[in-house]
Amino acid sequence: MAEIKLASEVRTEFGKGAARRVRRADRVPGVVYGHGAEPVHVTLPGHDLLLALRTANVLIGLEIDGKDALVIPKAVQRHPLKGTIEHVDLLTVKRGEKVEVEIAVHTEGDLAPGSNLLEFVQNTLLVEAEATHIPESVTVSVAGLDAGDSILAKDIALPKGSVLAGDEDAIVIQVVAAQAEEPAAGEAAEGESTEA
């Protein structure tokens with residue numbers, strides 16, 4: 001995964017008014033923490049951060065007070081209507097360090113013939129990976145699965161260098177039979193006559 005460089009500035013003002021001023025200047029307030037160090041409050045360029053966060057578990061290179069820091073997003077707060085980023089929590093990582101992150105689960109292939117539905121019990125998997133080699137997602141084949149079949153977390157082949165960090169017996173995907181709709185009371189079934 002490529003590292004994205006962002007310019008950051010240390011924040012000295014706090015509170016709602018200060019945060020609003022930061023956002024009006026197209027910057028996002030955030031906090032950088034980890035490795036037992038004191039949290040550092042920063043502001044980041046709004047548009048560049050929005051673009052960077054399009055990639056799940058993106059690795060971001062920051063310069064804070066003349067020192068370089070490598071971080072990954074841990075929590076992102078968005079405006080409920082506009083979708084803009086309101087605040088971001090960033091976790092400091094080191095090259096070679098293992099971190100726990102959630103990666104997206106995607107599917108490929110067609111289910112067995114019939115009216116079956118694919119149900120995602122979990123959309124993500126918790127994995128442990130090296131901070132500079134975090135996979136974006138994992139793809140699972142559902143080809144030929146029939147109603148009643150399921151895929152457990154331990155059944156999913158993870159990318160090299162990643163290990164499962166969550167419950168290995170958790171159901172991630174299951175196949176269920178489609179439910180037929182009952183005709184509403186008073187409605188004639190197809191092909192039946194309502195005349196006496």
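Residues numbered from 1 in each chain as written. Predicted model: local features only at pLDDT ≥ 70, side-chain atom pairs only at ≥ 80, totals over all residues. Heavy atoms only, no water.

Draft legend 1. Region of interest: the environment of leucine 44. Residue placement: leucine 44 occurs in strand 4 (residues 37–45). By relative accessible area, which is 0% here, leucine 44 ends up buried. Along the primary structure leucine 44 and glutamate 9 are separated by 35 residues, whereas in three dimensions their C-alpha atoms are 6.8 Å apart. Ignoring anything within four residues of it in the chain, the contact list for leucine 44 reads Ala7, Ser8, Asp26, Arg27, Val28, Leu49, Leu62, Val88 and Leu90. (Helix = DSSP H or I, 4+ residues; strand = E, 2+ residues; numbered from the N terminus. Buried < 20%, exposed > 50% of the residue type's maximum accessible area, 1.4 Å probe, protein only. Contact = heavy atoms within 4.5 Å.)

Draft legend 2. Summary view of the sheet that holds strand 6 (residues 67–78). With mixed pairing, the seven strands of this open sheet are ordered in space as 1-5-6-7-3-4-2. In this open sheet, the two strands that pair with only one neighbour each are strand 1 (3–7) and strand 2 (9–10). As paired elements, strand 1 and strand 5 (residues 59–64) share five bridges and run parallel to each other. Bridging across to strand 5, leucine 6 finds its partner in leucine 62. Contacting strand 3 (27–34), strand 4 and strand 7 (85–93), helix 1 (residues 16–24) crosses the sheet at an angle of about 115 degrees to strand 3. (Pairing = 2+ DSSP bridges. Axes fitted to C-alpha atoms, helices over the stretch in contact; angles between N-to-C directions.)

Draft legend 3. Highlighting helix 1. Turning to helix 1, its buried residues number three or more, namely Ala18, Ala19 and Val22. The arc that holds every buried residue of helix 1, seen down its axis, measures 100 degrees, which confines them to one face. Away from its buried face, by an angle of more than 90 degrees, helix 1 presents the exposed residues Lys16 and Arg24. Close packing links the buried residues of helix 1 with strand 3 and strand 4. Looking one or two residues past helix 1, aspartate 26 carries a phi angle of roughly 55 degrees, positive in sign. (Arc of directions from axis to C-beta.)

Draft legend 4. Highlighting the sheet that holds strand 9 (residues 116–120). In spatial order, the strands read 9-14-12; together these three strands make up an open sheet with antiparallel pairing. Each edge of the open sheet is held by one strand with a lone partner, namely strand 9 and strand 12 (150–152). Pairs of neighbouring strands in the sheet enclose a mean axial angle of 15 degrees, with direction left out of account. Two elements, strand 12 and strand 14 (residues 171–177), share three bridges in a ladder whose sense is antiparallel. Looking at the pairing, leucine 152 lines up with isoleucine 171 of strand 14.

Draft legend 5. A look at the side chain of serine 162. With respect to the helices, strands and loops of the structure, serine 162 is situated in the loop between strand 12 and strand 13 (163–164). Among the residues examined, serine 162 registers a relative accessible area of 10% and is labelled buried. Beyond its immediate chain neighbours, meaning those up to four positions away, serine 162 contacts Glu128, Ala129 and Pro135.

Draft legend 6. Spotlight on the pairing of strand 8 (residues 98–108). Taken together, the seven bridges between strand 8 and strand 10 (residues 124–130) define a ladder with antiparallel strand orientation. Across the sheet, the residue bridging to valine 99 is alanine 129, located in strand 10. As defined by bridge partners, strand 8 adjoins strand 11 (residues 137–141) across five bridges and the pair is classed as parallel. The residue bridging valine 105 from the neighbouring strand is valine 138, located in strand 11.

Draft legend 7. Local environment of the side chain of asparagine 116. Looking at the element boundaries, asparagine 116 is found in strand 9. Only 2.9 Å separates the side chain of asparagine 116 from the side chain of aspartate 146, close enough to count as a polar contact. Those residues in contact with asparagine 116 that sit more than four places away from it in its chain are Leu111, Leu145, Asp146, Ala147, Val175, Val176, Ala177 and Ala178. (Polar contact = N/O pair within 3.5 Å; in protein donor to acceptor, adjacent residues only side chain to side chain.)

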